[in-house]
Amino acid sequence: MGDKDGYKIITHQEMRGLTASDPTFCIWFKKDAAKTRHICDIRISYTADDRKNLKNKNYEMLPQCLSKFGLGYANVWILWTSCQILRLTNSDRIEKELKDYRDMLA
């Protein structure tokens with residue numbers, strides 16, 4: 001279904017089902033070059049207090065209750081962010097920048 005529409009699947013090793021009656025949790029996603037937001041966090045709510053707390057923290061609830069998929073009565077909440085992510089991989093560069101900052105502050 002999803003791969004025909006450009007969606008890809010994400011699963012987590014610790015969320016894989018062990019038997020046919022134990023479902024695997026997976027998320028289907030599709031990259032949209034026109035949008036700059038991405039998923040920052042995913043939470044599950046079990047109670048009305050959980051739902052209220054997540055809503056107050058700007059999480060967005062997915063419209064389907066997990067009970068529709070044979071799971072318990074719970075909802076998936078997504079926290080979106082649009083900030084830029086910097087990936088620093090060059091440790092020599094980081095060390096040089098730290099030295100330069102220390103020199104500036106001295």
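Keep in mind it's a predicted model, so treat the numbers as computed, not measured.

**Student:** Where do I start with the overall build of the protein chain in this structure?
**Tutor:** Broken down by element type, the protein chain carries two helices and five strands. Across the protein chain, helices and strands are ordered from the amino to the carboxyl terminus as β-β-β-α-β-β-α. Residue burial in the protein chain is summarised as follows: out of 106 residues, 11% are buried. Across the protein chain, every contact between residues at least 6 apart in sequence was considered, and the portion connecting residues at least 24 apart equals 40%. About 9500 Å² of surface is accessible on the protein chain, with carbon and sulfur atoms providing 54% of the total.

**Student:** Where do I start with the pattern of salt bridges in this structure?
**Tutor:** Opposite charge on two side chains allows them to pair when their charged atoms are near. Tallied over the entire structure, the rule returns one salt bridge. A salt bridge links aspartate 41 to arginine 43; the shortest N-O distance between them is 2.8 Å. Judged by its relative accessible area of 21%, aspartate 41 falls in the partly exposed class.

**Student:** Help me understand unusual backbone geometry in this model?
**Tutor:** Keep in mind that most residues, glycine aside, have a negative phi and that most peptide bonds are trans. With a phi close to 70°, asparagine 58 is a non-glycine residue in the positive phi region. Take asparagine 58: it is sitting in the loop between helix H1 (48–56) and strand E4 (60–65).

**Student:** Would you mind showing me how to read the sheet that holds strand E5 (residues 75–81) here?
**Tutor:** Paired through backbone hydrogen bonds, the strands of a sheet run either parallel or antiparallel to each other. Here three strands make up an open sheet; going across it, the order is E3-E5-E4 and the pairing antiparallel. Taken across any chain shown, the strands that pair with only one partner, and hence form the sheet edges, are strand E3 (38–45) and E4. Put simply, the sheet's adjacent strands are angled 25° from each other on average, direction ignored. Set on the sheet, H1 makes contact with E3, E4 and E5; between it and E3 the angle comes to about 160°.

**Student:** Looking at this structure, I do not really get a nonpolar patch on the surface. What am I missing?
**Tutor:** Among the surface-exposed residues, Ile94, Leu98, Tyr101, Met104 and Leu105 lie close enough to one another that they form a single nonpolar patch of about 570 Å² accessible area. Along the chain, leucine 105 turns up in helix H2 (residues 91–105).

**Student:** Whenever I open this one, the side chain of serine 45 confuses me. Can you help?
**Tutor:** Within the element layout of this structure, serine 45 appears in strand E3. Taking the relative accessible area as the measure of exposure, serine 45 reaches 1% and is therefore buried. A distance of 2.8 Å separates polar atoms of two side chains, one belonging to serine 45 and the other to tryptophan 77. In this view, serine 45 contacts Asp50, Arg51, Leu54, Tyr73, Ala74, Asn75 and Trp77; residues no more than four positions away in its chain are not counted.

**Student:** Where do I start with the side chain of asparagine 75 in this structure?
**Tutor:** On the secondary structure map, asparagine 75 appears in strand E5. Asparagine 75 has contacts with Arg43, Ile44, Ser45, Arg51, Met61, Leu62, Gln64 and Cys65, leaving out every residue within four places of it along the chain.

**Student:** Looking at this model, I keep getting lost on the confidence of the model for the protein chain. Mind explaining?
**Tutor:** Low pLDDT marks regions whose predicted coordinates should not be analysed in detail. Across the protein chain, pLDDT averages 79, with 85% of residues at or above 70. H1 holds the highest mean pLDDT among the elements of the protein chain, 95, whereas H2 holds the lowest, 74.

**Student:** Whenever I open this one, the environment of alanine 48 confuses me. Can you help?
**Tutor:** Mapped onto the fold, alanine 48 is located in helix H1. Spatially, the C-alpha atom of alanine 48 lies 10.0 Å from that of alanine 74, the residues being 26 residues apart in sequence.

Cut-offs and rules
Residues numbered from 1 in each chain as written. Predicted model: local features only at pLDDT ≥ 70, side-chain atom pairs only at ≥ 80, totals over all residues. Heavy atoms only, no water. Helix = DSSP H or I, 4+ residues; strand = E, 2+ residues; numbered from the N terminus. Buried < 20%, exposed > 50% of the residue type's maximum accessible area, 1.4 Å probe, protein only. Contact = heavy atoms within 4.5 Å. Areas by Shrake-Rupley, 256 points an atom, 1.4 Å probe, with all protein chains shown as cover. Salt bridge = Lys/Arg side-chain N within 4 Å of Asp/Glu carboxyl O. Pairing = 2+ DSSP bridges. Axes fitted to C-alpha atoms, helices over the stretch in contact; angles between N-to-C directions. Patch = residues over 30% accessible without salt bridge, like charges linked within 9 Å, V, L, I, M, F, W, Y side chains within 5 Å. Polar contact = N/O pair within 3.5 Å; in protein donor to acceptor, adjacent residues only side chain to side chain. pLDDT = per-residue confidence, 0-100.

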